[in-house]
There are 2 protein chains.
Amino acid sequence: MEERRIRIVLDAMGGDNAPVSTIEGAVDALKEKDGFELVLVGREEAIKAELAKYDYPKDRIEIRHAEEVIEMCEAPAAAIHNKKDSSIVVGMKMIRKGEADAFVSAGSTGAVLVGGQILVGRLKGVERPPLACLVPTEKGMACMIDCGANVDARPSWLVQFARMGSVYMKDFMKVENPRVGILNIGAEEEKGNSLVKETFPLLKACSDINFIGSVEARDIPGGYADVIVTDAFSGNVALKMYEGTASTLLKVVKGSMMTSLKTKIGALLIKDALKSTMKKYDATAYGGAPLLGLNGLVVKTHGSSKAKEIRISILQCLTFCEERINDKIKDLFVADKA
Amino acid sequence: MEERRIRIVLDAMGGDNAPVSTIEGAVDALKEKDGFELVLVGREEAIKAELAKYDYPKDRIEIRHAEEVIEMCEAPAAAIHNKKDSSIVVGMKMIRKGEADAFVSAGSTGAVLVGGQILVGRLKGVERPPLACLVPTEKGMACMIDCGANVDARPSWLVQFARMGSVYMKDFMKVENPRVGILNIGAEEEKGNSLVKETFPLLKACSDINFIGSVEARDIPGGYADVIVTDAFSGNVALKMYEGTASTLLKVVKGSMMTSLKTKIGALLIKDALKSTMKKYDATAYGGAPLLGLNGLVVKTHGSSKAKEIRISILQCLTFCEERINDKIKDLFVADKA
């Protein structure tokens, strides 16, 4: 049997800068790497108008018209239900039918999460699909899982998150024997809320992960763990606190460099070094956040994505498919049944 | 009736640097301000040996012997139960009996939390005492409440935390009409886990607070709210993430300033400005974290406290008592019954 090329669906209408940046990113991705083709879903006319700006390999792009767009402000479940001809619904249904391998969107996070569950559907044995976000640390990237999908989680879900996160870090991020920690408010085993206390022994007993115990939020930036298991509420709080603190602190540091001529000269002298250091802390260099455990890959990129982030997210999908990460996740749960 | 002077009990044996730093901080506090006296609880001999190093107002210090010390590693509830002659137990019982107004400890957080509930006891009407921590923001300090005491919280507790936190920020931190937000993972009212969703309408209906809705963790450092209401698990995660990100980032920024002669000169030029900016972000300048809603004030300071932090925490207790904050909290719940 001849295998078809990897097919990645891009929500051409998703995000603050669509379709200008989505199409630019799509063309850039196609030019950068071979071995895959793209399906652009959205308003055909708008997509064609953007594509007209570029030279690109025409045989690797398909346009799939979708008349509607789900807006950021819409209630996700209602939008998925009512806008059957939206780019997210049409694109996700392609994944479900096996017409494509991966779906990328910079559109409504809620709609992507709901659509992933309802339209793409879970792999057999997966209780809930978690959103896996990369957070930069002193030692490279760590994966916070779940960081947005399941707010009131159960212990058994968290164990699955740990296992899926381990596969992701091992096979996508190439971290050997990833250290798995559970997000907690103390290092001791008896610490935590009831969810953490119930989950801890289950993780300890889980034979296919490298569980290292509790991770306090303060140890995350230092790179204490590679996979940080948590419910989506705490995970999202930690992630956003990270972003907020980093951006405020850098603003404050920069501000203090602008207070006098002396400090301005100082700032000039350290500017390049600071910039190149900060580059290591840019998680968007690896793409968006995958929603793991579905019948195909679904990736959510930042709503503010420019062409660069779109390009990287598409190439992230390519690697994800080439490394057959979804098959490996599938195998985890097939083995459970055996 | 003649009122007695404000009496503050210091756990002389609590923290990594006790009793050296605790006694030094105690003496410094007494010298800095009048109008209160101190009770030093702990091993009399050790306390006397430290006191011998200083000149101090002898009529304002009393030593209360306690033979035992609760160590950081001990299980809190068992330690409070078994070590009846420990500095924490002896000190807290003085508060309960009305022999003193406030208790400060840099010792085991768990023991202070458990002891506060069991030995000092809750004010009438208070369901659970929350730990209130200050977090630095661009616009001053904000109060994260609860940041350590009640991990599996209920909606009605969170409403009480909001009201107590408002009194604390208004009367201790002098913030007029403090803006109260609930820690959440999105700005919309339908966002959040079940605890947040159930609490949101209760806060909205609460007439004695200035509720502004949800606060995302990323908006905390910018100073979006003065009181951030949360269960202790999420609150502690947010707080620790803040600390961890700030310390890692400053380390990284400093590191990038040391990469070449050029950047080192740059660093010298901005050093003073950076230092004075960072000073504004030092929450320890205001003291430790009070456990609110008890029959007297209990303050937990960092285990690593030096004399300076001990001194500030003692003076914090003085202000707290002078401003009659505990009476104001008491009034909140007396009014509920009426």
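These figures come from a predicted structure and were not determined experimentally.

Engineer: What exactly am I supposed to notice about helix H9 (residues 261–279) of chain A here?
Structural biologist: A rise of 1.5 Å per residue sets the reference length of H9 of chain A, with its 19 residues, at 27 Å; its end C-alpha atoms lie 27 Å apart and thus fit the reference within 8%. The set of residues buried in H9 of chain A consists of Thr263, Gly266, Ala267, Ile270, Ala273, Leu274, Thr277 and Met278 of chain A. Close packing links the buried residues of H9 of chain A with helix H8 (232–256) of chain A together with helix H8 (232–256) and helix H9 (261–279) of chain B.

Engineer: What is the right way to read a positive patch on the surface from this model?
Structural biologist: Side chains of Lys254, Lys271, Lys275 and Lys279 of chain A sit close together on the surface and give a patch of like positive charge. Note that Lys279 of chain A resides in helix H9.

Engineer: Sorry if this is basic, but what is going on with the pattern of salt bridges here?
Structural biologist: Pairing of side chains with opposite charge becomes possible as their charged atoms draw close. The final tally for this structure, using the stated rule, is 40 salt bridges over all chains. The shortest N-O distance in the salt bridge between Arg7 of chain A and Glu37 of chain A comes to 2.8 Å. With Arg7 of chain A in strand E1 (residues 6–11) and Glu37 of chain A in strand E2 (residues 36–42), this residue pair connects regions lying 30 residues apart in the sequence. A salt bridge links Arg218 of chain A to Glu243 of chain B, with the nearest nitrogen and oxygen atoms 3.0 Å apart. One end of the pair, Arg218 of chain A, is in the loop between strand E8 (210–216) and strand E9 (227–229); the other, Glu243 of chain B, is in helix H8, on a second chain. Assessed through its relative accessible area of 35%, Arg218 of chain A is described here as partly exposed. Owing to a relative accessible area of 31%, Glu243 of chain B belongs among the partly exposed residues under this scheme. Members of the salt-bridge network, linked through shared partners, are Arg5, Arg7, Glu37, Glu62, Arg64, Lys97 and Glu99 of chain A.

Engineer: How should the interface of chain A and chain B be read in this particular structure?
Structural biologist: When the parts of a complex come together, some accessible area is lost, and that lost area is often taken as the interface size. In this complex, chain A contributes 50 residues to the contact, which on the side of chain B involves 50 residues. In total, about 4,600 Å² of surface goes out of reach between chain A and chain B, with carbon and sulfur atoms giving 73% of it. On the chain A side of the contact with chain B, Ile185, Phe233 and Met241 of chain A bury the most area, a combined 15% of that side's loss. Between chain A and chain B we count six salt bridges in total. Salt-bridge contacts for Glu138 of chain B lead to Lys251 of chain A; the nearest nitrogen and oxygen are separated by 3.1 Å.

Engineer: Whenever I open this one, the packing of aromatic side chains confuses me. Can you help?
Structural biologist: Two descriptors summarise a pair of aromatic rings, namely the distance from one centre to the other and the angle between the planes of the rings. Counted under the stated rule, the structure contains eight aromatic pairs over all chains. Ring geometry for Tyr168 of chain A and Phe320 of chain A: centres 6.1 Å apart, planes at 45°, overall tilted. With Tyr168 of chain A in helix H6 (residues 155–172) and Phe320 of chain A in helix H10 (residues 307–322), this residue pair connects regions lying 152 residues apart in the sequence. Ring centres 5.2 Å apart and planes at 75° place the aromatic pair Phe200 of chain B and Phe211 of chain B in the edge-to-face group. Taken together, the residues Phe200 of chain B in helix H7 (residues 194–204) and Phe211 of chain B in strand E8 (residues 210–216) connect sequence positions 11 residues apart. You'll find Phe200 of chain B and Phe211 of chain B in the same group, each marked buried. Taken together, the ring pairs connect Tyr168, Phe172 and Phe320 of chain A into an aromatic cluster. Over the face of the ring belonging to Tyr56 of chain A we find Lys58 of chain A, whose NZ or CZ atom lies 4.6 Å from the ring centre. Geometry around Phe36 of chain A places Arg60 of chain A over its ring, the cationic atom sitting 5.0 Å from the centre.

Engineer: What is the right way to look at the state of the cysteines in this model?
Structural biologist: Simply put, the disulfide is a covalent bond whose two ends are the sulfur atoms of two cysteines. What the rule picks out here adds up to two disulfides over all chains. Disulfide pairing is shown between Cys133 of chain A and Cys147 of chain A; the S-S distance is 2.2 Å. One quick way to see it: the torsion about the S-S bond of Cys133 of chain A and Cys147 of chain A is about 55°, and its sign makes the bridge right-handed. In this pair, Cys133 of chain A sits in strand E5 (residues 132–137) while Cys147 of chain A sits in the loop between strand E6 (140–145) and H6, placing the two residues 14 residues apart along the sequence. Note on Cys147 of chain A: relative accessible area 2%, which makes it buried. With no disulfide of its own, Cys321 of chain A lies closest to Cys317 of chain A among cysteine sulfurs, the gap being 6.4 Å. No disulfide involves Cys143 of chain B; its nearest neighbouring cysteine sulfur is the one of Cys147 of chain B, lying 7.7 Å away.

Engineer: Would you explain the relation of the copies chain A and chain B in this entry?
Structural biologist: Superposing chain A onto chain B takes a rotation of 180° plus a shift of 0.0 Å along the axis, which leaves an RMSD of 0.0 Å. Taken together, the rotation and translation describe the operation of a two-fold axis. It is Gly266 of chain A whose C-alpha, among those of chain A, lies nearest the rotation axis, at 1.8 Å. In this assembly, 100% of the residues forming the interface of chain A have copies in chain B that are likewise at the interface, indicating an isologous arrangement.

Rules used throughout
- Residues numbered from 1 in each chain as written.
- Chains lettered and ligands numbered in written order.
- Predicted model: local features only at pLDDT ≥ 70, side-chain atom pairs only at ≥ 80, totals over all residues.
- Heavy atoms only, no water.
- Helix = DSSP H or I, 4+ residues; strand = E, 2+ residues; numbered from the N terminus.
- Expected span 1.5 Å × (residues − 1).
- Buried < 20%, exposed > 50% of the residue type's maximum accessible area, 1.4 Å probe, protein only.
- Contact = heavy atoms within 4.5 Å.
- Patch = residues over 30% accessible without salt bridge, like charges linked within 9 Å, V, L, I, M, F, W, Y side chains within 5 Å.
- Areas by Shrake-Rupley, 256 points an atom, 1.4 Å probe, with all protein chains shown as cover.
- Salt bridge = Lys/Arg side-chain N within 4 Å of Asp/Glu carboxyl O.
- Lys, Arg positive; Asp, Glu negative; His and termini not counted.
- Charge placed at Lys NZ, Arg CZ, Asp CG, Glu CD.
- Buried area = accessible area lost by both parts, 1.4 Å probe.
- Phe/Tyr/Trp six-rings, centres within 6.5 Å; stacked < 30°, edge-to-face > 60°.
- Lys NZ or Arg CZ within 6 Å of the ring centre and 35° of its normal.
- Disulfide = S-S within 2.5 Å.
- Least-squares fit on C-alpha atoms with pLDDT ≥ 70 in both.

So far we have only geometry, and geometry alone does not tell us how the molecule works.
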